[in-house]
Amino acid sequence: MGGSDPGQPAGRPGRSAHPGADLAGQRRPVVSIPHTPLRPLWLCRSCAAPWPCAPARLRLIQEYADDRVALLVYLGGMLHDAAGELHRLHPDDGPDPARLFARFLGWATGPTVRCARR
Ligand SMILES: [Zn+2]
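Residues numbered from 1 in each chain as written. Predicted model: local features only at pLDDT ≥ 70, side-chain atom pairs only at ≥ 80, totals over all residues.

As named in an unreviewed UniProt entry, the chain is Flavin reductase, taken from Micromonospora siamensis.

Here it is as structure tokens:
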């Protein structure tokens, strides 16, 4: 029943012949690292929290303040990429789809997206 093994244990990228030019030429600023996702781990480059972290969400809400649909389209694309990459990293113990949805889209789909105010 459903025992169709492809023969390979995991879909790992394996060895690839890198000419070495891939790592060179990428210079990142040491200060003020933006709260962007470190792929394929999908952790924040700045604070190491699962992306989108709180600062990233705040920035996205401000950036897309006038266009909620565009924000959801963007987050949907990120969710799609993250689901694929995280399942590739953890083929046996992948992330729960419901939790991924809540993490990427759930916080932005409420009736109103509010910035934390005091
Ligand atoms: Zn962060």
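The rest of the description comes next.
A tally of helices and strands in the chain yields 3 helices and 2 strands. Of the regular secondary structure in the chain, the N- to C-terminal order runs β-β-α-α-α. A buried classification covers 7% of the 118 residues belonging to the chain. Taking the intrachain contacts of the chain between residues at least 6 apart in sequence as the baseline, contacts between residues at least 24 apart amount to 43%. (Helix = DSSP H or I, 4+ residues; strand = E, 2+ residues; numbered from the N terminus. Buried ≥ 20, exposed ≤ 12 C-beta atoms within 10 Å, placed from the backbone. Contact = placed C-beta atoms within 7 Å.)

By secondary structure assignment, the location of T36 is in the segment before β1 (37-38). For the pair formed by T36 and S46, sequence separation is 10 residues and the distance between their alpha carbons is 7.3 Å.

On to the nonpolar core. If you look at the biggest cluster of nonpolar residues, it comprises 7 residues: W42, C44, W51, L75, A82, L100 and F104. For this core, the secondary-structure elements that each account for two or more residues are α2 (68-89) and α3 (97-104). (Core = buried A, V, L, I, M, F, W, Y, C linked by C-beta atoms within 7 Å.)

Per-residue confidence for the chain gives a mean pLDDT of 81; residues scoring 70 or more make up 68%. The low-confidence segment residues 6-12 (pLDDT under 50) makes 3 contacts with residues lying over four places distant or belonging to another chain. (pLDDT = per-residue confidence, 0-100.)

This part takes up unusual backbone geometry. Cis peptide bonds are those with omega within 30 degrees of zero, and the linkage from R39 to P40 qualifies with 5°. Among the structural elements, P40 can be located in the loop between β1 and β2 (43-44). Cis geometry marks the peptide bond from W51 to P52; its omega dihedral reads 0°. Within the secondary structure, P52 is located in the loop between β2 and α1 (54-63).

Moving on, we get to the environment of G106. Within the secondary structure, G106 sits in the segment after α3. Given 13 C-beta atoms within 10 Å, G106 falls into the partly exposed group.

Before going further, it helps to spend a moment on the packing of α2 against α3. α3 packs onto α2 with a crossing angle of 145° between their chain directions and a minimal axis gap of 10 Å. The chirality of how α2 crosses α3 is right-handed. Packed against α2, whose contacting residues are L75, M78, L79, A82 and A83, the element α3 presents P97, L100, F101 and F104 at the interface. Taken together, the residues that form the contact of α2 with α3 break down as 9 nonpolar, no polar and no charged. (Axes fitted to C-alpha atoms, helices over the stretch in contact; angles between N-to-C directions. Left-handed = near helix turned anticlockwise from the far one by under 90°. Nonpolar A, V, L, I, M, F, W, Y, C, P; charged D, E, K, R; others polar.)

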